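Each chain, written out:
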Amino acid sequence: MHFLRIPTTRALCLVTTGNSVVRDMFYDGNPKEEPGAVVCRVAQSFLRIGSFQIHAARTKEDLMIVQTLVDYVIHYHFPHLNRISEADEANSSTSSGKNKYLEWLIEVAERTAVLIAKWQGVGFTHGVLNTDNMSVLGLTIDYGPFGFLDAFDPKYTPNTTDLPGRRYCFANQPDIGLWNLMQLATTLKEANLISEEESEIGLNRYGERFMEEYKQLMSRKLGLKEYNRDLINKLLSNMAFDKVDYTNCFRALGNVKSSSDAVDEDLLKPIKGVLLETSKERKKAWIDWMKLYTQQLRNEGLPDDVRKADMDSVNPKYILRNYLCQMAIDAAEQADFSEVNQLLRVMKNPYSDQPGMEKYARLPPAWAYRPGVCMLSCSS
């Protein structure tokens, strides 16, 4: 995630314990022993929305802790907001009228919006996006049964315990981010730190900032200067219908030429490797979309090589697919950590071609879609 340029906690080290841990992956009464290990993670702070929400759910005395905790976070992680109140205290006759707690809510909302937009851009699905798993610093935190999209499915969830409702599925993540922020805003209101009107201001900023980031990112993924909602929605609809690989499709689109002399069949050559078997009807749907896309490219007039370079910088070739993790895990359980180390090396350069490493960009094998690989439980 760090090398995908997405805000995240970092893994300092991974240490095997030498002991076994009993896991019942599917909660079906069939536990098994697995090798134990400890991941040491580091971040500026591990405070989450739930860290504040829990006090509002308890006694009035606990509610008083909310302001103390917010003041602590502002002091150490948003110090510029303290200058708002300091300036007002020094110039009481010319108060700015700003509420630092509202300004903090706005910043948390904006960071969360940018984070989730970046997740959507690379097809990352968190899997357990409750308030206790959402950082107030806008970091990806608490990696449980996460997963990157393979075949594009907006309802994909990597978490077996998220079935059948799929509350935390890929398509729902932006709305869940807002719901979690609503819980934070409610906590601040109950602690008398912001008003109802201020709460709405902070929450509205989330939606605005998310769309700003998402439009910009999706435009760059297609090499467009301007956001084209219809074009992007039709692409995603085609991808979902034909279960096209999310990562490989966007990467392949960088090879599209904007010239107008290509015949229909040639239009699909750049993405032939991701379409697999499609009917004549579905081929026509893709050809029709490709005509719209290449026309848009011609209208904007960006040279193909310049556009491809920019697209490749935001469309990764390599992502940490669950089946790649599983192969590394299988080898590590036999005391062979070479695949773990190789996988780490590849994922440190996700946007580069890396000759000789093409196997890490291949479409997942059939076994990758079985439970326990593409989907895990919270205790996996």
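Analysis parameters
- Residues numbered from 1 in each chain as written.
- Predicted model: local features only at pLDDT ≥ 70, side-chain atom pairs only at ≥ 80, totals over all residues.
- Heavy atoms only, no water.
- UniProt positions renumbered as here; feature names shortened; annotations may be inferred.
- Phe/Tyr/Trp six-rings, centres within 6.5 Å; stacked < 30°, edge-to-face > 60°.
- Helix = DSSP H or I, 4+ residues; strand = E, 2+ residues; numbered from the N terminus.
- Buried < 20%, exposed > 50% of the residue type's maximum accessible area, 1.4 Å probe, protein only.
- Lys NZ or Arg CZ within 6 Å of the ring centre and 35° of its normal.
- Expected span 1.5 Å × (residues − 1).
- Arc of directions from axis to C-beta.
- Contact = heavy atoms within 4.5 Å.
- Salt bridge = Lys/Arg side-chain N within 4 Å of Asp/Glu carboxyl O.
- Core = buried A, V, L, I, M, F, W, Y, C linked by side-chain atoms within 4.5 Å.

Per an unreviewed UniProt entry, the chain is named Selenoprotein O, and its organism is Ceratopteris richardii. UniProt, in its Sequence similarities (unreviewed entry) section for the chain, records the words "Belongs to the SELO family." Recorded in UniProt for the chain, the comment headed Cofactor (unreviewed entry) runs: "Mg(2+)".

Participant: Sorry, what's going on with the packing of aromatic side chains here?
Facilitator: Each aromatic ring pair is characterised by the separation of its centres together with the angle its planes make. Taken as a whole, this structure holds 17 aromatic pairs when the rule is applied. A ring pair is formed by Phe78 and Trp104, whose centres lie 6.3 Å apart and whose planes are at 85°; its orientation type is edge-to-face. Remark: Trp104 occurs in helix α4 (residues 100-122) and Phe78 occurs in the loop between α2 (60-77) and α3 (79-90); sequence separation between them is 26 residues. Of the two residues, Phe78 and Trp104, both sit in the buried class. With a centroid separation of 5.6 Å and an interplanar angle of 10°, the aromatic rings of Phe210 and Tyr214 are classed as stacked. Taken together, the residues Phe210 and Tyr214, both in helix α6 (residues 196-221) and four residues apart, mark about one turn of the helix. One exposure class covers both Phe210 and Tyr214, and it is buried. Grouping aromatic residues by their ring pairs yields a cluster made of Trp119, Phe124, Tyr143, Phe146 and Phe148. Over the ring of Phe250 we find Lys221; its NZ or CZ atom is 4.5 Å from the centre of that ring.

Participant: Would you mind showing me how to read helix α7 (residues 229-241) here?
Facilitator: Residues three or four positions apart in an α-helix share a direction because the helix packs 3.6 residues into each turn. The end-to-end C-alpha distance of α7 is 18 Å, a good match for the 18 Å that 13 residues give at a rise of 1.5 Å each. Three or more residues of α7 are buried, namely Leu231, Ile232, Leu235, Leu236, Asn238 and Met239. Seen from one end, α7 has its buried residues packed into an arc of 160°, which puts them on one side. Exposed and facing more than 90 degrees away from the buried side of α7 are Arg229 and Phe241. In this structure, the buried residues of α7 make contact with α6, α8 (246-253) and α11 (280-300). Remark: Lys243 follows α7 within two positions and exhibits a positive phi of approximately 50°.

Participant: Looking at this structure, how should I read unusual backbone geometry?
Facilitator: Working note: non-glycine residues mostly have negative phi, and peptide bonds are mostly trans. For the peptide bond that leads from Leu163 to Pro164, omega is 0°, which places it in the cis range. With respect to the helices and strands, the residue Pro164 is situated in the loop between β4 (147-148) and α5 (173-190). The backbone of Asp142 shows a phi angle near 60°, a positive value even though the residue is not glycine. Looking at where Asp142 falls in the secondary structure, it is placed in the loop between β3 (124-125) and β4. For Ala335, which is not glycine, the phi torsion reads 70° and is therefore positive. In this fold, Ala335 is placed in the loop between α13 (322-332) and α14 (338-347).

Participant: Would you mind showing me how to read the pattern of salt bridges here?
Facilitator: Side-chain pairs of opposite charge can arise where the charged atoms are in close proximity. Applying the stated criterion across every chain yields a total of 23 salt bridges. With a closest N to O distance of 3.6 Å, Glu213 and Lys118 form a salt bridge. Taken together, the residues span a long stretch of sequence, with Glu213 in helix α6 and Lys118 in helix α4 at a distance of 95 residues. A residue is classified by how much of its surface remains accessible, and Glu213, at 10% relative accessible area, is buried. If you follow the salt bridges from partner to partner, you end up with Glu110, Lys118, Arg205, Glu208, Arg209, Glu212 and Glu213 in one network.

Participant: Explain the nonpolar core here, please?
Facilitator: Buried together is how nonpolar side chains tend to be arranged in soluble globular proteins. Membership of the largest hydrophobic core comes to 81 residues, with the highest contact counts inside it found for Trp104, Met239, Leu253 and Tyr293. For this core, the leading source of residues is α4, giving 13 residues. Each residue touching Tyr293, except ones within four places of it in the same chain, is listed here: Leu222, Leu224, Leu231, Leu253, Val256, Arg307 and Met311.

Participant: How should the environment of His126 be read in this particular structure?
Facilitator: Inspection of the secondary structure puts His126 in the loop between β3 and β4. A relative accessible area of 2% means that His126 is categorised as buried. In this structure the C-alpha to C-alpha distance between His126 and Phe148, which are 22 residues apart in sequence, comes to 8.6 Å. Those residues in contact with His126, other than ones at most four positions away along the chain, are Trp119, Asn133, Ile141, Asp142, Pro145, Phe146 and Gln173.

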